Amino acid sequence: MTEWESPYYLFLIIPIWVWTFYSYWKKEAALGIELRIPGKVQSATFSLKRFLSSVTPLIRPIVLTLFVIAAAGPGKRYRFLPDETKGVDIILALDVSGSMSKSRDFLPETRLGVSKKLLKEFIRKRENDRLGLVVFAGGAYLQSPLTSDREVLEEILSQAEEETVPEQGTAIGDALILSCYRLRRSPAKSKVIVLITDGASNTGRIDPVTATEIAKGVGVKIYSIGIGKEDQSYEVNFEILDILSKRTGGVFYRAEDISELREVLASIDSLEKDLLILPPEEVRESESLIFLTYALALLGLDLLVRSWVFRYYV
């Protein structure tokens, strides 16, 4: 996302183009009257000059606009975490199965839509941590490794849908194993899996209890969230989620509506907070030079056209 050091300079673009369009309209009107003079012969060279005389006046306003944009200080800001941290590494394991995509107990949105929306809020709060994303249904797939680039992670999360995982079902054990694999070599003080699902584990290569033992072995805590209301449409087994969390030192939560899910994620956010040894480093990459280069190139073009075609430069 582009950031501006002095965005108020951009308002100068308005008077530049108001004056340009006013002057351009007056010139075109005068040129049109001149061309209607009876008996005047129009040659091919004259037509080329007329075209250039119509276009050339727009070059300088464009140059001024580019100078204004450069003065406003466009650029991008990058945030880097120090190598050694006391922070938290978190894998978000999100169920994208059919029940999450089709259930309407969170009207007007689906369970998956609400989960993605609130997870984005959670991601924005974790400024000093690395987060990754695993999506699962009948199989589990890594969508993002651990990263501190929250904007990219949010974009990847936005694209997670039921079609992302071709296998049908709910493979909680596979999702936990894959998440543990990505966390096993993490140097962070705390390693966490936030598991969001609405159903019972009914498929997969690894059963959830076995996956929990592996999570304990690598020092990973599981915070599991059973989302949605129990009904007759889909099988649920929130008891197993409670067991998974307790065995790893995490907590199980129920979230039957949007407000509860938001509170749950806020609770996890407050429980897993650690300070960094060193503050994150921010680097800003300015893009002003790019716009200055374009402006100077257009000034050179303006000089050539006026000097070689019109034989004057004013």
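Rules used in this analysis
- Residues numbered from 1 in each chain as written.
- Predicted model: local features only at pLDDT ≥ 70, side-chain atom pairs only at ≥ 80, totals over all residues.
- Heavy atoms only, no water.
- Helix = DSSP H or I, 4+ residues; strand = E, 2+ residues; numbered from the N terminus.
- Buried < 20%, exposed > 50% of the residue type's maximum accessible area, 1.4 Å probe, protein only.
- Contact = heavy atoms within 4.5 Å.
- Axes fitted to C-alpha atoms, helices over the stretch in contact; angles between N-to-C directions.
- Parallel < 35°, antiparallel > 145°, perpendicular 65-115°, else oblique.
- Nonpolar A, V, L, I, M, F, W, Y, C, P; charged D, E, K, R; others polar.
- Core = buried A, V, L, I, M, F, W, Y, C linked by side-chain atoms within 4.5 Å.
- UniProt positions renumbered as here; feature names shortened; annotations may be inferred.
- Polar contact = N/O pair within 3.5 Å; in protein donor to acceptor, adjacent residues only side chain to side chain.
- Patch = residues over 30% accessible without salt bridge, like charges linked within 9 Å, V, L, I, M, F, W, Y side chains within 5 Å.
- Areas by Shrake-Rupley, 256 points an atom, 1.4 Å probe, with all protein chains shown as cover.
- Salt bridge = Lys/Arg side-chain N within 4 Å of Asp/Glu carboxyl O.
- Phe/Tyr/Trp six-rings, centres within 6.5 Å; stacked < 30°, edge-to-face > 60°.
- Lys NZ or Arg CZ within 6 Å of the ring centre and 35° of its normal.
- Pairing = 2+ DSSP bridges.
- Left-handed = near helix turned anticlockwise from the far one by under 90°.

- Under an unreviewed UniProt entry, the name given to the protein is Aerotolerance regulator BatA, and the source organism is Leptospira haakeii.

**Examining the overall build of the protein**
Okay, step 1: Counting its secondary structure elements, the protein contains 11 helices and 9 strands.
Okay, step 2: In the protein, which comprises 314 residues, the share counted as buried stands at 40%.
Okay, step 3: Long-range pairs, those at least 24 residues apart, make up 81% of the contacts in the protein between residues at least 6 apart in sequence.

**What about the packing of helix H5 (residues 111-125) against helix H6 (residues 150-158)?**
Okay, step 1: Axis separation between H5 and H6 bottoms out at 10 Å; the angle between their running directions is 170°. When the axis of H5 is compared with that of H6, the two are roughly antiparallel. Facing Lys116, Leu119, Lys120, Ile123 and Arg124 of H5, the residues of H6 in contact are Arg150, Leu153, Glu154, Leu157 and Ser158.
Okay, step 2: Among the residues making up the contact of H5 with H6, the classes are represented as 4 nonpolar, 1 polar and 5 charged.

**Notes on the nonpolar core**
Okay, step 1: By size, the foremost hydrophobic cluster in this structure holds 33 residues, and its most contacted members are Leu92, Leu94 and Ile225.
Okay, step 2: Listing elements by their share of this core, those giving two or more residues are strand E3 (88-95), H5, strand E4 (130-136), H6, strand E6 (190-197), strand E7 (220-227), strand E8 (252-255) and helix H10 (258-271).
Okay, step 3: When residues in this core are grouped by element, the largest group, 6 residues, is from H5.
Okay, step 4: Listed in part, the 21 residues of the second largest apolar core include Ala93, Leu146, Ile240 and Phe252.

**Some words on the UniProt feature "transmembrane region" (unreviewed entry) in the protein**
Okay, step 1: Here, UniProt's "transmembrane region" (unreviewed entry) annotation points to residues 7-25 and 289-309.
Okay, step 2: Secondary structure content for residues 7-25 is 68% helix and 0% strand, while the C-alpha to C-alpha distance between its ends is 29 Å.

**Some remarks on the side chain of Ser224**
Okay, step 1: Within the secondary structure, Ser224 sits in strand E7.
Okay, step 2: A polar side-chain atom of Ser224 sits 2.5 Å from a polar atom in the side chain of Ser245.
Okay, step 3: Apart from the residues lying within four places of it in its own chain, the contact partners of Ser224 are Leu195, Leu241, Ser245, Val251, Phe252 and Tyr253.

**Focus on a nonpolar patch on the surface**
Okay, step 1: A cluster of nonpolar residues, Leu64, Phe67, Leu289, Leu292 and Leu296, forms a patch on the protein surface that exposes about 470 Å² of accessible area.
Okay, step 2: Relative to the helices and strands, Leu64 is located in helix H3 (residues 59-71).
Okay, step 3: Judged by relative accessible area, Leu64 falls into the partly exposed class, the value being 44%.

**Here's the deal with the side chain of Arg111**
Okay, step 1: For Arg111, the location among the structural elements is in helix H5.
Okay, step 2: What makes Arg111 buried here is its relative accessible area of 2%.
Okay, step 3: At 2.6 Å, the side chain of Arg111 and the side chain of Asp198 are in polar contact.

**Considerations on the packing of aromatic side chains**
Okay, step 1: According to the stated counting rule, one finds 4 aromatic pairs in the structure shown.
Okay, step 2: Both rings, one in Phe238 and one in Phe252, keep their centres 6.2 Å apart while their planes meet at 40°; by these two values the pair is tilted. You can see Phe238 sitting in helix H9 (residues 238-247) and its partner Phe252 sitting in strand E8, a full 14 residues away along the chain.
Okay, step 3: Sitting over the face of the ring of Tyr181, Arg184 holds its NZ or CZ atom 3.9 Å from the ring centroid.

**Looking at the sheet that holds E7**
Okay, step 1: Pairing is mixed across the open sheet formed by 6 strands, whose spatial order is E5-E4-E3-E6-E7-E8. Each of the sheet's edge strands pairs with one partner strand only, and the pair in question is strand E5 (140-147) and E8. Adjacent strand axes in the sheet meet at a mean angle of 15°, parallel and antiparallel pairs treated alike.
Okay, step 2: Two elements, E7 and E8, share 4 bridges in a ladder whose sense is parallel. Residue pairing across strands places Ile227 opposite Ala255, the latter belonging to E8.

**Looking at the packing of helix H7 (residues 172-183) against helix H8 (residues 208-217)**
Okay, step 1: Running from amino to carboxyl end, H7 crosses H8 at an angle of 15°, the nearest separation of the two axes being 8 Å. Comparing their axes, H8 and H7 come out roughly parallel. Between H7 and H8 lies a crossing of left-handed hand. Contacts from Ile172, Gly173, Leu176, Ile177 and Cys180 of H7 reach H8 at Pro208, Ala211, Thr212, Ile214 and Ala215.
Okay, step 2: Across the contact of H7 with H8, the residue classes break down as 8 nonpolar, 2 polar and no charged.

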